[in-house]
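# Breakdown of the fold
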Amino acid sequence: MFRKFSTDYGLLFIRVGIGIMFILHGYPKLIGGVPLWEAIGGNMRHIGITFAPAFWGCMAAFAETFGGLCLILGFLYRPALAALIFTMFIAAMMHYINGDGFKGYSHAVESGILFIGLFIAGPGKYALKIVKR
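First, a word on what this report is: a plain description of the structure on this page. Here the structure is a predicted model, which means the values were calculated and not measured. (Residues numbered from 1 in each chain as written. Predicted model: local features only at pLDDT ≥ 70, side-chain atom pairs only at ≥ 80, totals over all residues. Heavy atoms only, no water.)

Moving on, we get to the nonpolar core. Counting 11 residues, the largest nonpolar core consists of Leu11, Phe22, Leu71, Tyr77, Leu81, Leu84, Met88, Ala92, Ala108, Phe115 and Leu118. Elements represented by at least two residues in this core include exactly helix 1 (2–30), helix 4 (77–97) and helix 5 (101–121). Sorting elements by how many residues they give to this core places helix 4 first, with 5 residues. Setting aside anything within four residues of it in sequence, one finds Ala108 in contact with Met88, Ala91 and Ala92. (Core = buried A, V, L, I, M, F, W, Y, C linked by side-chain atoms within 4.5 Å. Buried < 20%, exposed > 50% of the residue type's maximum accessible area, 1.4 Å probe, protein only. Helix = DSSP H or I, 4+ residues; strand = E, 2+ residues; numbered from the N terminus. Contact = heavy atoms within 4.5 Å.)

All right, on to the packing of aromatic side chains then. The final tally for this structure, using the stated rule, is 7 aromatic pairs. Measuring from centroid to centroid gives 6.2 Å for Phe51 and Trp56, while their planes differ by 65 degrees, and the two rings are edge-to-face. Judged by its relative accessible area of 23%, Trp56 falls in the partly exposed class. Here the aromatic rings of Tyr96 and Tyr105 are separated by 5.8 Å at their centres, their planes lie at 70 degrees, and the arrangement is edge-to-face. Classification of Tyr96 as exposed rests on a relative accessible area of 58%. Judged by its relative accessible area of 22%, Tyr105 falls in the partly exposed class. Connected via pairs of aromatic rings, a cluster forms that spans Phe51, Phe55 and Trp56. (Phe/Tyr/Trp six-rings, centres within 6.5 Å; stacked < 30°, edge-to-face > 60°.)

Read these as spatial facts, not as claims about activity.
In structure tokens form, the structure reads like this:
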């Protein structure tokens, strides 16, 4: 019983902490507007997508901001994590291809690993859930 209690509170602590950090990380990008979105979305070229960079940049900022909120709440948990995992994959590729070295891409890789682990583990007991009747 104590183990399950500890696991659920541990997941809640990680979700809230990382969720807050990603809201703080993504919100400035979200309000940055089209020029910033184009710069961020332009990184999709690394996987062969060259159209609509402003859209992709806005989606990355949205994923970080609202994905962080979804982590905190434990609501739409796995879809939000899937978006965050993809965003971190693109960010890591961008830093690696730009030659930024380990310090450049390590944050995105570490975050991606964390998000994959949370995706597998699930949100835990303390999360908003959709009640089916």
